[in-house]
Amino acid sequence: MAAAMLSRPVYPGLVPDMHAKHNLIVTEGEGAEAVLDLATKTSAEFFARTTILYCTAGSAAKDHETALAKLNPKHLWVLPSLPTVMFRLKGVLATADMGTRLYAAGTEPFIGSVIQEALAAGIDFKSVVTEHRGSAKRRVQCVHCKGMTENVTTNPVACSHCGINLFVRDHYSRRLGAFQGVIIDAEEPGSAPPPEEIYR
Amino acid sequence: MTTNQIRVRVAEVETVAAQIRRLKLVPIGMSGLPDFSGGAHTILSIPDGERTLRNPYSLMSSPYDTSSYEVSVLKAAESRGGSAFIHDKIREGLPITISAPVNLFPVDRRARRHILIAGGIGITPFMSIMRQLEHDDVPFELHYGMRSQERGAYWRQLRETYGHRVHIYFEDQGQTIPLKTLLDGQPLGTHVYVCGPSTMIDWVLNGARDAGWPAENVHYERFSAPPPGTSFTVELARSGKTVPVGPHQSMLEALEAAGIDAPYLCRGGACGQCETRIVSCAGAIQHNDHYLSDAEKAAGDKIMICVSRVDGSTVTLDL
C-alpha cells in the first residue's frame with residue numbers, strides 16, 4: 001500500500017459549534033447514528049436551530065428518520081437518494097448566511113459530495129464538521145478515461161467505464177470527491193493481482 | 001535571514017496626517033522592484049547609531065506598479081527609534097535597504113465578497129488590497145475608523161476613488177463601526193479582514209465568533225514591536241557563543257548585532273519563521289508573539305526570538 005498521503009482526508013467527528021446561528025446537518029444511512037451521538041453532547045436548543053437532510057438510501061438504513069425526528073430539529077427532510085439530497089442542499093446553501101455551520105456524516109463518497117456542494121457555495125472545507133460512518137467504500141476516478149467508479153470496496157478494481165485494472169491510491173481530490181485510480185498492469189497486461197476486499 | 005535585501009532611494013516624503021508620513025521608495029540600480037500582492041509588507045532597515053532597526057511596514061501602493069513602493073509610518077508614542085528616525089531624519093534622496101516583500105495578510109481569492117475593517121494606521125495593507133480587488137472586480141467594502149479627521153490618513157482620497165464602498169468613522173464625532181449589523185446576514189463566501197490596534201482586532205475576532213462565523217473566513221494582521229524588558233544573556237548551544245541582550249533590544253536584534261544570521265520573516269511575532277527551540281532557561285519566558293498556541297507557550301520549549309524575551313539571567317537556544 002501507498003505511504004500516508006497528505007491529501008487523504010481525515011474526519012475528526014461531529015462536535016457542536018454553539019456559536020453558529022443555524023446548523024445544517026447532511027447525513028445518510030448509519031451517519032444518522034453520528035447525529036444521535038452528537039445529540040448527547042449538546043442541547044435541545046442546538047437542534048431547534050438545526051435543519052437535517054437525511055438520505056435513506058445510504059448504507060444499512062434502519063428507520064433512523066424516526067430517531068432523528070425525536071431530536072425535534074427545526075426541519076427534517078427525508079430524501080430517497082444522493083442526487084435528491086444534493087439538489088436540496090444546493091437550494092438551502094443558496095440562501096444560507098455566514099452564521100450557518102455545515103455538518104456531514106456518512107460514507108466517504110457521501111461526505112465528498114457534500115464538501116463539493118459546500119465549496120461551490122463558498123464554504124471553506126475546513127469549516128465543514130465531518131464524521132465517517134458506515135462502509136469504507138470509495139469513489140474512484142480512473143486517471144486514464146476519467147470515469148468515476150462508485151462503491152469501490154476492492155483494490156485493485158476494474159474501471160467501470162474502460163475496464164482497466166486500477167490500483168486505488170490514497171491520493172484524494174476534494175474537487176472531484178474521489179480517490180485516484182491508476183493502471184496496475186501497464187507493463188504486463190493481465191498481471192494484476194487478484195482484488196482484495198479492503199474498503200468494506 | 002538577511003538575504004533578499006534591496007537598495008532603494010527615498011524619492012518622496014510627505015506628511016499625510018498628524019504623525020503619519022508617506023515614503024515613496026524607488027530602486028537603485030535596477031529597473032523595477034519585485035512583484036507583490038495586496039497585503040504584503042517589507043522590512044525597512046533603519047540605522048540607529050551602532051545598531052540597525054528593522055521594522056515591517058505594509059506596502060500601500062498598487063501591486064500593478066512596481067516602479068516604486070509606498071509605505072506609511074505612524075510615529076509611535078514610545079518609539080524604539082525606527083518611526084522616530086523616519087519622522088525626524090529621513091530626507092528625500094536618502095538611500096536605504098528594504099527586504100523583498102512577504103505577504104502574511106493575503107486576501108482569500110476564493111471569496112465572493114470581502115469586508116475590510118481598518119483602524120488608524122491599519123489602513124495601509126488595505127490600500128494595496130483594494131487596488132487588487134478593484135482590478136479583479138470582486139465586491140468589497142471598507143470600514144475605516146480613526147480618531148479624528150486630522151489624525152486619519154487617506155480617507156478623502158479613498159472616498160473619491162472607491163465611492164460608496166468606503167465607510168468612514170471619526171471617533172471624536174462619536175461614530176463607531178456597526179460591527180454586529182455588518183457581520184449578521186452576510187452571504188456564504190464572505191470574508192472579513194481586520195488590521196488596527198490590538199483591542200480592535202480582538203473586538204472583530206470576538207464579534208465574528210459571536211455572529212457564528214467560521215474562523216476560516218476571518219483574517220487579521222497584528223504586528224507587535226518587541227516590548228522592552230530587563231537585560232539577559234543568550235547562550236547558543238550549537239556554536240557555544242554568548243550574546244548579551246539589552247533592555248530595549250530584542251533577542252533577534254542582539255544576535256544580528258553579534259553577526260549571527262538568525263532566521264526571521266515578519267519581525268512582529270506573526271509568521272512563525274523565527275521559532276527557536278529552548279534548551280534551558282534560567283528565568284521566566286515572556287511570550288509576546290501571536291503565533292504559538294497557549295499550550296505551546298505554557299510548554300516553554302519554544303520561543304519566537306523577534307518579540308519574546310526572558311525575565312531572568314540566561315536562556316540557552318538551539319542555535
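Residues numbered from 1 in each chain as written. Chains lettered and ligands numbered in written order. Predicted model: local features only at pLDDT ≥ 70, side-chain atom pairs only at ≥ 80, totals over all residues.

J.: Can you walk me through the overall build of chain B in this structure?
T.: Within chain B one finds 7 helices and 16 strands. For a compact globule of 319 residues, the expected C-alpha radius of gyration is about 20 Å, and chain B comes in at 20 Å, within 12% of that figure. Along the first, second and third principal axes, the C-alpha atoms of chain B reach 60 × 50 × 35 Å. Taking all 319 residues of chain B together, the buried fraction comes to 41%. Pairs at least 24 apart in sequence give 67% of the contacts found in chain B among residues at least 6 apart. (Helix = DSSP H or I, 4+ residues; strand = E, 2+ residues; numbered from the N terminus. Rg over C-alpha atoms; globule rule 2.2 N^0.38 Å. Buried ≥ 20, exposed ≤ 12 C-beta atoms within 10 Å, placed from the backbone. Contact = placed C-beta atoms within 7 Å.)

J.: Mind showing me how you'd approach unusual backbone geometry here?
T.: Residue and element names in this part refer to chain A. For the bond running from Asn155 to Pro156, omega is 0°, close enough to zero to count as cis. Along the polypeptide, Pro156 turns up in the loop between β8 (154-155) and β9 (157-158). With phi around 55°, Asn72 is a residue other than glycine that occupies positive phi space. Inspection of the secondary structure assignment puts Asn72 in the loop between α3 (64-69) and β3 (75-79). Among the residues examined, Asn72 registers 11 C-beta atoms within 10 Å and is labelled exposed. The backbone of Asn151 sits at a positive phi, close to 55°, despite the residue not being glycine. Its location among the elements puts Asn151 in strand β7 (residues 148-152).

J.: What should I look at first to understand the sheet that holds strand β5 (residues 69-74) of chain B in this one?
T.: Sheet strands line up and pair through hydrogen bonds in the backbone, either parallel or antiparallel. Residue and element names in this part refer to chain B. Sheet architecture is open: 6 strands sit in the order β4-β3-β6-β1-β2-β5, paired in antiparallel fashion. Looking at strand neighbours, the two that pair on one side only are β4 (51-58) and β5, the edges of this open sheet. Between one strand axis and the next, the sheet turns by 40° as a mean value, whatever way the strands run. Taken together, the 5 bridges between strand β1 (residues 5-17) and strand β6 (residues 95-99) define a ladder with antiparallel strand orientation. Note on β6: the bridge partner recorded for Arg7 is Thr97. (Pairing = 2+ DSSP bridges. Axes fitted to C-alpha atoms, helices over the stretch in contact; angles between N-to-C directions.)

J.: Whenever I open this one, the confidence of the model for chain B confuses me. Can you help?
T.: As a general rule, the predicted coordinates of low-pLDDT regions are not to be interpreted in detail. Taken residue by residue, chain B gives an average pLDDT of 94. The fraction at 70 or more is 99%. Listed scores for the predicted complex are pTM 0.90 and ipTM 0.91. (pLDDT = per-residue confidence, 0-100.)

J.: Would you mind showing me how to read helix α5 (residues 198-210) of chain B here?
T.: Since one α-helical turn is 3.6 residues long, residues separated by three or four positions face the same way. Residues and elements named next belong to chain B. Here α5 is 13 residues long and its end C-alpha atoms lie 18 Å apart, about the 18 Å a rise of 1.5 Å per residue gives. The set of residues buried in α5 consists of Met200, Val204, Gly207 and Ala208. Seen along its axis, α5 keeps its buried residues to an arc of 95°; they face one direction. Exposed residues on α5 whose side chains face more than 90 degrees from its buried face are Ser198, Thr199 and Asn206. Two residues or fewer past α5, Gly212 is found with a positive phi of approximately 85°. (Expected span 1.5 Å × (residues − 1). Arc of directions from axis to C-beta.)

J.: How should I be thinking about the packing of helix α4 (residues 82-94) of chain A against helix α5 (residues 108-120) of chain A in this particular structure?
T.: Packed helices, taken two at a time, are described by the angle their axes make and the gap between the axes. Residue and element names in this part refer to chain A. α5 packs onto α4 with a crossing angle of 30° between their chain directions and a minimal axis gap of 10 Å. Of the possible angle classes, the one that applies to α4 and α5 is roughly parallel. Crossing angle aside, the handedness with which α4 passes α5 is right-handed. Facing α4, whose interface residues are Leu82, Met86, Leu89, Lys90 and Leu93, α5 presents Phe110, Ser113, Val114 and Glu117. (Parallel < 35°, antiparallel > 145°, perpendicular 65-115°, else oblique. Left-handed = near helix turned anticlockwise from the far one by under 90°.)

J.: Please explain the domain arrangement of chain B as it appears in this structure.
T.: Interface size is commonly expressed as the accessible area that is lost once the parts come together. Annotation of chain B at the domain level lists domain 1 (5-99), domain 2 (113-221) and domain 3 (232-317). A separation of 33 Å is found between the C-alpha centroids of domain 2 of chain B and domain 3 of chain B. (Domains from an automatic or database assignment.)

J.: Honestly, the sheet that holds strand β11 (residues 178-183) of chain A in this entry has me stumped. Any pointers?
T.: Residues and elements named next belong to chain A. Spatially, β7-β6-β11-β10-β9 is the arrangement adopted by the 5 strands of the open sheet, whose pairing is mixed. Two strands close off the open sheet at either side, each with one partner strand: β7 and β9. Set on the sheet, α5 makes contact with β6 (138-142), β7 and β11; between it and β6 the angle comes to about 70°.

J.: I would appreciate a short explanation of the interface of chain B and chain A in the present structure.
T.: At the junction of the two partners, chain B supplies 15 residues and chain A supplies 15 residues. Grouping the amino acids of the side of chain B that touches chain A by side-chain chemistry returns 5 nonpolar, 6 polar and 4 charged. (Nonpolar A, V, L, I, M, F, W, Y, C, P; charged D, E, K, R; others polar.)

J.: Explanation requested: α4(A) in the structure shown.
T.: Residue and element names in this part refer to chain A. In this model α4 runs 18 Å from its N-terminal to its C-terminal C-alpha over 13 residues, within 8% of the 18 Å that 1.5 Å per residue would give. Along α4, the residues classified as buried are Val85, Leu89 and Leu93. On an axial view of α4, the arc spanned by its buried residues comes to 65°, and they lie on one face. What points out from α4, more than 90 degrees from its buried face, is the exposed set Pro83, Phe87, Lys90, Gly91 and Ala94. As for α4, its buried residues are in contact with β1 (22-28), β2 (50-55), β3 and α5.

J.: Explain the domain arrangement of chain A to me, please; I cannot follow it from the model alone.
T.: Residue and element names in this part refer to chain A. Its domain assignment divides chain A into domain 1 (22-132) and domain 2 (138-197). Distance from the C-alpha centre of domain 1 to the C-alpha centre of domain 2: 29 Å. Of the residues contributing to the side of domain 1 that touches domain 2, the split by class is 4 nonpolar, 3 polar and 1 charged.

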